[in-house]
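Analysis of the macromolecular model
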Amino acid sequence: MSIAIEEARSRAELTDLLDLPLRLHAADPFYVPPLRPLVLRRIDPRNPFFRDASLRFFRARRGRETVGSISLLLDGRHDRHSGERAAFFGFFECERDPEAARALFAAVTERARALGATSLRGPRNVTRVEDIGLLVEGYGSRPPMLAGHHPPYYRELVEAEGFSKRYDMLAYDTPLFDAEGRPRELPEALRRKAASVRIPGLEVRRIAAHRVSRDMEVAHAVFTEAYRGVPEVVPMSRAEFVNLGRAFVALADPRLLQIATVRGEPAAFAACLPELNEAFAAARGRLLPLGWARVLGALRRVRTASFKLIGVVPAYRSTGLSALLVQRVVDGLRAAGYARLEASLIHEDNAPMRHIVESAGCVPYRRYRVYERPIGRREQDT
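What comes next is a walk through the structure. (Residues numbered from 1 in each chain as written. Predicted model: local features only at pLDDT ≥ 70, side-chain atom pairs only at ≥ 80, totals over all residues. Heavy atoms only, no water.)

Regarding its fold elements, the chain presents 12 helices and 13 strands. For the chain, the spread of C-alpha atoms along the principal axes amounts to about 65 × 45 × 35 Å. Across the 382 residues that make up the chain, the buried fraction comes to 54%. In the chain, once contacts between residues fewer than 6 apart in sequence are set aside, the share between residues at least 24 apart is 76%. Taken as a whole, the chain presents about 17300 Å² of accessible surface, with 52% of it coming from carbon and sulfur. (Helix = DSSP H or I, 4+ residues; strand = E, 2+ residues; numbered from the N terminus. Buried < 20%, exposed > 50% of the residue type's maximum accessible area, 1.4 Å probe, protein only. Contact = heavy atoms within 4.5 Å. Areas by Shrake-Rupley, 256 points an atom, 1.4 Å probe, with all protein chains shown as cover.)

Before going further, it helps to spend a moment on the pattern of salt bridges. Scanning all chains against the criterion turns up 41 salt bridges. Salt-bridge contacts for D168 lead to K165; the nearest nitrogen and oxygen are separated by 3.6 Å. For D168, the salt bridge is made with R369, and the minimal N-O distance between the two is 2.7 Å. In this pair, D168 is assigned in strand β7 (residues 164–175) and R369 in strand β13 (residues 363–374), connecting sequence segments 201 residues apart. An identical accessibility class is assigned to D168 and R369; each is buried. (Salt bridge = Lys/Arg side-chain N within 4 Å of Asp/Glu carboxyl O.)

One pass over the structure, following the stated rule, counts 9 aromatic pairs. On the numbers, 5.1 Å between centres and 35° between planes, the contact of F92 with F105 is tilted. Taken together, the residues F92 in strand β4 (residues 86–94) and F105 in helix α4 (residues 98–114) connect sequence positions 13 residues apart. You can call F92 buried: its relative accessible area is 4%. Linked through ring pairs, F89, F92, F105, Y153, Y154 and F163 together constitute an aromatic cluster. R124 extends its terminal NZ or CZ atom over the ring of F88, reaching a point 4.5 Å from the ring centre. The aromatic ring of Y365 is capped on one face by R340, whose charged end is 5.1 Å from the ring centroid. (Phe/Tyr/Trp six-rings, centres within 6.5 Å; stacked < 30°, edge-to-face > 60°. Lys NZ or Arg CZ within 6 Å of the ring centre and 35° of its normal.)

This part is about the nonpolar core. Membership of the largest hydrophobic core comes to 68 residues, with the highest contact counts inside it found for F307, L321 and L333. A per-element tally of this core places helix α11 (residues 321–336) first, with 8 residues. (Core = buried A, V, L, I, M, F, W, Y, C linked by side-chain atoms within 4.5 Å.)

Another aspect to go through is the packing of helix α1 (residues 11–24) against helix α2 (residues 36–43). The N-to-C vectors of α1 and α2 enclose an angle of 125°; their axes lie 12 Å apart at closest approach. What the angle tells us is that α1 and α2 run oblique. Once α1 is placed against α2, the crossing between them reads as right-handed. Seen from α1, the contacting residues are R11, L14, T15, L18, D19 and L22; seen from α2, they are R36, V39, L40 and I43. (Axes fitted to C-alpha atoms, helices over the stretch in contact; angles between N-to-C directions. Parallel < 35°, antiparallel > 145°, perpendicular 65-115°, else oblique. Left-handed = near helix turned anticlockwise from the far one by under 90°.)

Looking now at the packing of helix α6 (residues 188–195) against α11. A packed helix pair is summarised by two numbers, namely the angle formed by the two axes and the spacing between the axes. The N-to-C vectors of α6 and α11 enclose an angle of 110°; their axes lie 7 Å apart at closest approach. Comparing the axis directions of α6 and α11 gives the class roughly perpendicular. Between α6, through L190, R191, K193 and A194, and α11, the contact on the second element is made entirely by A323, L324, V326 and Q327. Broken down by class, the residue content of the contact of α6 with α11 amounts to 5 nonpolar, 1 polar and 2 charged. (Nonpolar A, V, L, I, M, F, W, Y, C, P; charged D, E, K, R; others polar.)

Quick look at the pairing of strand β5 (residues 119–122) now. Burial along β5 is two-sided: S119 and R121 and L120 and G122, pointing in opposite directions, are all buried. Note that β4 and β5 share 3 bridges and pair parallel. Looking at the pairing, F88 lines up with R121 of β5. Crossover handedness for the path β4 to α4 to β5: right-handed. Inspection of the sheet shows β5 paired to β13 by 4 bridges, in the antiparallel sense. Residue pairing across strands places S119 opposite P374, the latter belonging to β13. (Pairing = 2+ DSSP bridges. Right-handed = clockwise from strand over helix to strand, strands pointing away.)

The set of residues buried in helix α5 (residues 152–160) consists of Y153, Y154, L157 and V158. Mapping the buried residues of α5 onto a view down its axis gives an arc of 145°, with all of them on the same face. For α5, exposure combined with an orientation more than 90 degrees from the buried face picks out E156 and A160. Here the buried face of α5 lies against α1, β4, α4, β6 (134–137) and β13. With its phi angle positive at about 85°, G162 sits one or two positions after the end of α5. (Arc of directions from axis to C-beta.)

Take a look at the structure:
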């Protein structure tokens, strides 16, 4: 039976598309279904991200059965920042069916070409920091929060369609205690750097609930400056940054969210969050009717914290301030009862960030790959 590609527009069609991975990965013990309300919030047209972006969904049908899905994202801010005309595929899920995969990629390629794109990249679901890349190493572990989990054959399907590596993203981790339960010391070099910080007017403090909006503005200012030169990073608007971060700040221990200012001006921040996938796994992707209860119960048993972001404005990068923030966060982790520190996802060419996490004793445990394929113009268009 042949493959038919349909654009998913109605709520029922979108629900069918989002249900597909639940069926495909039901037997994989390491797959963590994303919570449906969070997915719907990310793709909601009211998300500030979509003020300058568009997202379309497609599904592959063999008869009455959905056998594959894919999305097409156009990001205007990315194009202006990079000077490119790129389109991104995401939400890629597929049975072990090369014909279906070929039809899905053909459909988004044709649409992207018609909209003026010159290359197709991915996977990237929505923003640059959510569900980006295809898992190519680390299949025998649970994915970190905001990262996907894919079977090995997905790589075969993607590469068979002519996609090649653009760059990799790495997930790191390290235990916080040794086999006897004793706290593992941070590497001596990092402790020396932290102790050597001498910056007049420096204040390092936790993000406070009563001033979270102001603290998020400080973090956004640091993020914009600290990541300006990082490969593939496009500056986020303040509204987009706050929209993405506010929900996670509400769930985090304040000791794991550190802000640094110098004479009141933004200097650095570090954000470490509970590894919510350890709790979300209990909900099996749904909050109703019992998912909420399962998640709340599992939250009390989360023992991994995920270091999602650390940024230092360029003027203070050689002062040891990043080491001081890492030390503050790790002290908070141990006090809060966490046993493992995870850090993800980090661009393989982001040498400063890799240096920070590696100097804290972290090692890679997962690798995600972003692929790219040029989109040539059709002969009749030339």
